[in-house]
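What follows is the residue order along each chain.
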Amino acid sequence: MSDSLIDALGFARAGSFLQGQAPLGLFTRMLDGQLAQPDAQRESFVNWTLEGENTASGRYFLHVTAHAEPMLECQRCLRPFICNINVDNRVELVRTPAEQDSDDLDDDGIERIVGSKRFSVLGFVEDELILAMPYVPKHHECPSDNGIQADRSASSQEQETRRQSPFSVLEQLKKN
Ligand SMILES: [Zn+2]
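This structure is a prediction, so every number in the text was calculated from the model and none was measured.

## Describing the coordination of the zinc ion
Here's step 1: Coordination of the zinc ion by the protein involves C74 (SG), C77 (SG), H139 (ND1) and C142 (SG), with metal-donor separations of 2.0 to 2.3 Å.
Here's step 2: Its 4 donor atoms give the zinc ion angles of 105 to 119 degrees at the centre, a pattern that matches the tetrahedral case.
Here's step 3: Donor residues binding the zinc ion come from one chain and are separated in sequence as C-x2-C-x61-H-x2-C.
Here's step 4: Exposure remark for H139: the relative accessible area of 13% places this residue in the buried category.

Spelled out as structure tokens, the structure:
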């Protein structure tokens, strides 16, 4: 996938902003283990934004938003459905893996990642989408089976009618 590589800490220091879109089909790590995506889904765009932020105390953050619409399998009714996945997250950039685990920083529950000089924007967007994927994907309300059952009984009645009709014709002939 064609990707933007940025100097993450420099991006945050400058308070820069980036946005873009990429076809869902390119997000192969995210789709791994999911249903095979129909073309409409593969070609649907993932829209994302990335904004850098630095604080007076010298901390660096990335604010990321992303939206994707993969087809997932409902774990309640096992039918496929289009799932809206929204990311709106703020992560702190640190300089080294040691700092990532450091207790010196406030334990405020903010995700910390190492801000490399060749930071993959789409890789980060994909990581965040994966984290936002539902653990147990489900319809808000599963479609009911009533419609399907009604169709089935209608067509079987129709077959009954057709099967009976030759006999009714014979009945008619006998009478004559
Ligand atoms: Zn369902």
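## Some words on the environment of K117
Here's step 1: Among the secondary structure elements, K117 is positioned in the loop between strand 8 (112-114) and strand 9 (119-120).
Here's step 2: Sequence separation between K117 and G10 is 107 residues, and the spatial gap between their C-alpha atoms is 8.1 Å.
Here's step 3: Not counting chain neighbours up to four residues away, the residues in contact with K117 comprise I6 and D7.

## A word on the state of the cysteines
One covalent bond between the sulfur atoms of two cysteine residues makes up a disulfide.
Here's step 1: The final tally for this structure, using the stated rule, is 0 disulfides.
Here's step 2: Between C83, a free cysteine, and C74, which holds the nearest cysteine sulfur, the sulfur-to-sulfur gap is 10.0 Å.

## Description of the side chain of S44
Here's step 1: Tracing the backbone through its elements, the reader meets S44 in the loop between helix 3 (39-43) and strand 3 (45-54).
Here's step 2: Ignoring sequence-local partners within four residues, the contact set of S44 consists of A22, P23, L24 and E69.

## Some words on the environment of G15
Here's step 1: As for its position among the elements, G15 is in the loop between helix 1 (8-13) and strand 2 (17-23).
Here's step 2: Measuring from C-alpha to C-alpha, the distance between G15 and L62 comes to 9.1 Å, with 47 residues separating the pair along the chain.

## Re the nonpolar core
Here's step 1: Ranked by size, the top nonpolar core spans 34 residues in total, and within it L50 and L129 carry the most contacts.
Here's step 2: For this core, the elements supplying multiple residues, two or more each, are helix 1, helix 2 (28-31), strand 3, strand 4 (60-68), strand 7 (85-94) and helix 5 (121-132).
Here's step 3: In this structure, L50 is in contact with I6, F11, S16, F17, L18, L62, H63, V64, V121 and F124, ignoring residues within four places of it in sequence.

## Focus on helix 5
Here's step 1: Taking 1.5 Å of rise per residue, 12 residues should cover 16 Å, and helix 5 covers 17 Å from first to last C-alpha, within 8% of that figure.
Here's step 2: All of the buried residues in helix 5 are V121, L122, G123, F124, V125, E126, E128 and L129.
Here's step 3: Two or three places before G123, at the start of helix 5, stands the capping residue S120, its side-chain oxygen 2.9 Å from that residue's backbone nitrogen.

## A closer look at the confidence of the model for the protein chain
Here's step 1: Per-residue confidence for the protein chain averages 85 on the pLDDT scale, and 78% of its residues sit at or above 70.
Here's step 2: pLDDT under 50 marks residues 149-158. Its contacts with residues more than four places away, or in other chains, come to 0 contacts.

Criteria and thresholds
Residues numbered from 1 in each chain as written. Predicted model: local features only at pLDDT ≥ 70, side-chain atom pairs only at ≥ 80, totals over all residues. Heavy atoms only, no water. Donors = N, O, S within 2.8 Å, 3.2 Å for Na, K, Ca; no water. Tetrahedral: all angles 85-135°; square planar, octahedral: opposite > 155°, others 65-115°. Buried < 20%, exposed > 50% of the residue type's maximum accessible area, 1.4 Å probe, protein only. Helix = DSSP H or I, 4+ residues; strand = E, 2+ residues; numbered from the N terminus. Contact = heavy atoms within 4.5 Å. Disulfide = S-S within 2.5 Å. Core = buried A, V, L, I, M, F, W, Y, C linked by side-chain atoms within 4.5 Å. Expected span 1.5 Å × (residues − 1). Polar contact = N/O pair within 3.5 Å; in protein donor to acceptor, adjacent residues only side chain to side chain. pLDDT = per-residue confidence, 0-100.

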